[in-house]
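Coordinates in review
Read off the chains here:
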Amino acid sequence: MSKRALKTYLSQLSKADLEEQLLDLYNRFPEVKTYYDFVFNPKEEKLVQEAKAKISNEYFPLKRRRPKARRSVAQKFIKHFLKLGMEPHLIADVMCFNLEIAQTFEEERNVPDAFYKSMLNSFTELIQYISLHGLLPNFKERIVKIYTITQDKNWLYEEGFAKALDIVD
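So, here is what we can say about the structure in this document. Computed from a prediction, not measured in an experiment: that's the story for all the values here.

As a further point, take the side chain of glutamate 106. As for its position among the elements, glutamate 106 is in helix H6 (residues 88-108). Buried glutamate 106, no salt bridge; nearest opposite-charge side chain is lysine 153, N-O distance 5.8 Å. Setting aside its immediate chain neighbours within four residues, glutamate 106 contacts Val111, Phe115, Tyr116 and Trp155.

Under the counting rule described, the total for this entry stands at nine salt bridges. Across the pair glutamate 19 and lysine 15 runs a salt bridge whose closest N-O atoms are separated by 3.8 Å. Taken together, the residues span about one helical turn, with glutamate 19 and lysine 15 both in helix H2 (residues 15-28) at a distance of four residues. Taking the relative accessible area as the measure of exposure, lysine 15 reaches 65% and is therefore exposed. Between arginine 142 and glutamate 100 there is a salt bridge, with its nearest N and O atoms 2.8 Å apart. Here arginine 142 is found in helix H8 (residues 136-152), whereas its partner glutamate 100 is found in helix H6, with 42 residues between them in sequence. Glutamate 100 sits in the partly exposed class, given a relative accessible area of 25%. The network of salt bridges with shared partners includes Lys52, Asp93, Glu100 and Arg142.

Reading the values: the criteria
Residues numbered from 1 in each chain as written. Predicted model: local features only at pLDDT ≥ 70, side-chain atom pairs only at ≥ 80, totals over all residues. Heavy atoms only, no water. Helix = DSSP H or I, 4+ residues; strand = E, 2+ residues; numbered from the N terminus. Buried < 20%, exposed > 50% of the residue type's maximum accessible area, 1.4 Å probe, protein only. Lys, Arg positive; Asp, Glu negative; His and termini not counted. Salt bridge = Lys/Arg side-chain N within 4 Å of Asp/Glu carboxyl O. Contact = heavy atoms within 4.5 Å.

Rendered as structure tokens:
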């Protein structure tokens, strides 16, 4: 169904029918419920703190012995926050946190090469996102620190990190 057809259909409904359909969508689809819960009661800071706790738990688990260290956990949160339309500076904060916690993890562990490639992808996405939303002044210090650690510790793909940072300049 096209947007035009949907608009025509919705314009023909009475207010009561429209309300009934929205309530049905709300009850039937968890994504709709999540969206409306967020719209009417954002609690963005709480969502960010929960995301940071779960990301941290990926690298430094509280209940299990071995860390999973999956980048995908942070990516799911970031994607979800983008869908909800959360404030860009909060999303950038989660992106930075993901890299910072991963760097802390890397100091203590022997990690596979794929880890570095994954962190390069995260760093590139962070730089692009911050550039797109004009947030560089707010995050410059954290970005420089993340970049400096990659260079000082001789991470794989050092030149990739440098190229990603060139986007800002």
